[in-house]
There are 2 protein chains.
Amino acid sequence: CPCPLPHGDCSLSRLLSLLLTARRTLEICLFAFSSPQLGCAVRLLHRRGVRVRIVTDAQYMGLQGSQIGLLRLAGIQVRHDQESGYMHHKFAIVDRRMVITGSLNWTTQAIQNNRENVLVMEDAEYVKPFLDEFERIWEEYNPINYTFF
Amino acid sequence: CPCPLPHGDCSLSRLLSLLLTARRTLEICLFAFSSPQLGCAVRLLHRRGVRVRIVTDAQYMGLQGSQIGLLRLAGIQVRHDQESGYMHHKFAIVDRRMVITGSLNWTTQAIQNNRENVLVMEDAEYVKPFLDEFERIWEEYNPINYTFF
């Protein structure tokens, strides 16, 4: 069901509990990821054996507070754009069956202070375009294609 | 149907053509609105008699390139948050029947250079929560409640 979330901790709890249902795969495609709680949940899933893949934005990922370094340190694969534009998506796909998308970046600022929406959809019709986009981006951002080293 | 849009002009054309189907009402709830083409389309709908209402973010609306001043000048009602957090939604509702939402702000930068998604949904089940959120915000941001004058 669609559920624009209200502010604050309740939203965070709902997002955490959705993510923690992952048993096999988790694809994350996020402009900004700095929430320690969400970072912790993703590392937990990785330790449980869930295959986690993350795509993020190159400009944002190195900023202070970003979780990306900690996620890489934990052994999670992360790829990023190398474009001047932003990788501005904000979605995650759980077990190829549920897409979580909307306006929300995974930051404490956004969760606690912003007016945001989060859509949770399990219809294959809605999940598939996000899966396809994730696989397209994942290949496009394959490090063997990076040119700036 | 759900349709994450590809980059560029094709996406802009599709978004414009969806908006221009409006016959009665258009609710817009956008963090950033600076695209001249989209501003133009919204003013056209206003001149045709469509009831347009816009909610936007207070920090962004006065920046150079923002369309908000021009839209107000045309007589369109605009309300904004007065919070420290961002009004970060990016959705529009056409004739109370179709919601257009996703990661896309209505800026030329985002349309041309970013990796974004736009969902277009006509199921009442998906439209209603956005309509409800719009009405809630619209009342909350009623200028009679502003405290900073």
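Analysis parameters
- Residues numbered from 1 in each chain as written.
- Chains lettered and ligands numbered in written order.
- Predicted model: local features only at pLDDT ≥ 70, side-chain atom pairs only at ≥ 80, totals over all residues.
- Heavy atoms only, no water.
- UniProt positions renumbered as here; feature names shortened; annotations may be inferred.
- Buried < 20%, exposed > 50% of the residue type's maximum accessible area, 1.4 Å probe, protein only.
- Helix = DSSP H or I, 4+ residues; strand = E, 2+ residues; numbered from the N terminus.
- Pairing = 2+ DSSP bridges.
- Axes fitted to C-alpha atoms, helices over the stretch in contact; angles between N-to-C directions.
- Contact = heavy atoms within 4.5 Å.
- Polar contact = N/O pair within 3.5 Å; in protein donor to acceptor, adjacent residues only side chain to side chain.
- Right-handed = clockwise from strand over helix to strand, strands pointing away.

Under an unreviewed UniProt entry, the name given to chain A is Mitochondrial cardiolipin hydrolase, and the source organism is Jacana jacana. Its UniProt record gives chain A a comment under Catalytic activity (unreviewed entry), which states: "a cardiolipin + H2O = a 1,2-diacyl-sn-glycero-3-phospho-(1'-sn-glycerol) + a 1,2-diacyl-sn-glycero-3-phosphate + H(+)". The Sequence similarities (unreviewed entry) comment attached to chain A in UniProt states, word for word, "Belongs to the phospholipase D family. MitoPLD/Zucchini subfamily."

Participant: Looking at this structure, how should I read the pairing of strand β1 (residues 25–30) of chain B?
Facilitator: Two faces belong to every sheet, and in a regular strand the side chains alternate between them. Residues and elements named next belong to chain B. With six of six residues buried, β1 lies mostly within the body of the structure. Pairing of β1 with strand β2 (residues 51–56), which is carried by six bridges, proceeds in the parallel orientation. Paired with Glu-27 across the strands is Arg-53, a residue of β2. Alignment of β1 against strand β4 (residues 90–94), held across five bridges, turns out to be antiparallel.

Participant: How do you make sense of the sheet that holds strand β6 (residues 118–121) of chain B when you look at a structure like this?
Facilitator: Within a sheet, each strand pairs with its neighbour through backbone hydrogen bonds, oriented either parallel or antiparallel. All names here are of chain B. Taken in spatial order, the six strands make up an open sheet running β3-β2-β1-β4-β5-β6, and their pairing is mixed. With partners counted over all chains shown, the strands left at the sheet margins are β3 (77–80) and β6, one partner each. The sheet shows a mean angle of 10° between the axes of neighbouring strands, taken without regard to direction.

Participant: Teacher, can you tell me more about the UniProt feature "domain: PLD phosphodiesterase" (unreviewed entry) in chain A here?
Facilitator: Feature annotation in UniProt places "domain: PLD phosphodiesterase" (unreviewed entry) on residues 83–110 of chain A, given in this structure's numbering. Annotated as 11% helix and 36% strand, the span residues 83–110 of chain A places its first and last C-alpha atoms 24 Å apart.

Participant: Which parts of the structure should I look at to understand the environment of Gln59(B)?
Facilitator: All names here are of chain B. Among the secondary structure elements, Gln-59 is positioned in helix α3 (residues 58–61). The spacing of Gln-59 and Gly-49 is ten residues in sequence and 29 Å in space, taken between C-alpha atoms. Those residues within four positions of Gln-59 in sequence are excluded, and the remaining contacts are Asp-81, Glu-83, Ser-84, Gly-85 and Tyr-86. From its side chain, Gln-59 meets the backbone oxygen of Ser-84 in a polar contact 3.2 Å long.

Participant: Would you mind going over the pairing of strand β2 (residues 51–56) of chain A with me for this structure?
Facilitator: All names here are of chain A. For β2, the buried fraction is high: five of the six residues fall into the buried class. You can see the chain leave strand β1 (residues 25–30), run along helix α2 (residues 36–48) and come back into β2, and the turn it takes is right-handed. The sheet contact formed by β2 and strand β3 (residues 77–80) spans four bridges and is parallel. Among the inter-strand pairings, Val-55 is bridged to a residue of β3, identified as Arg-79.

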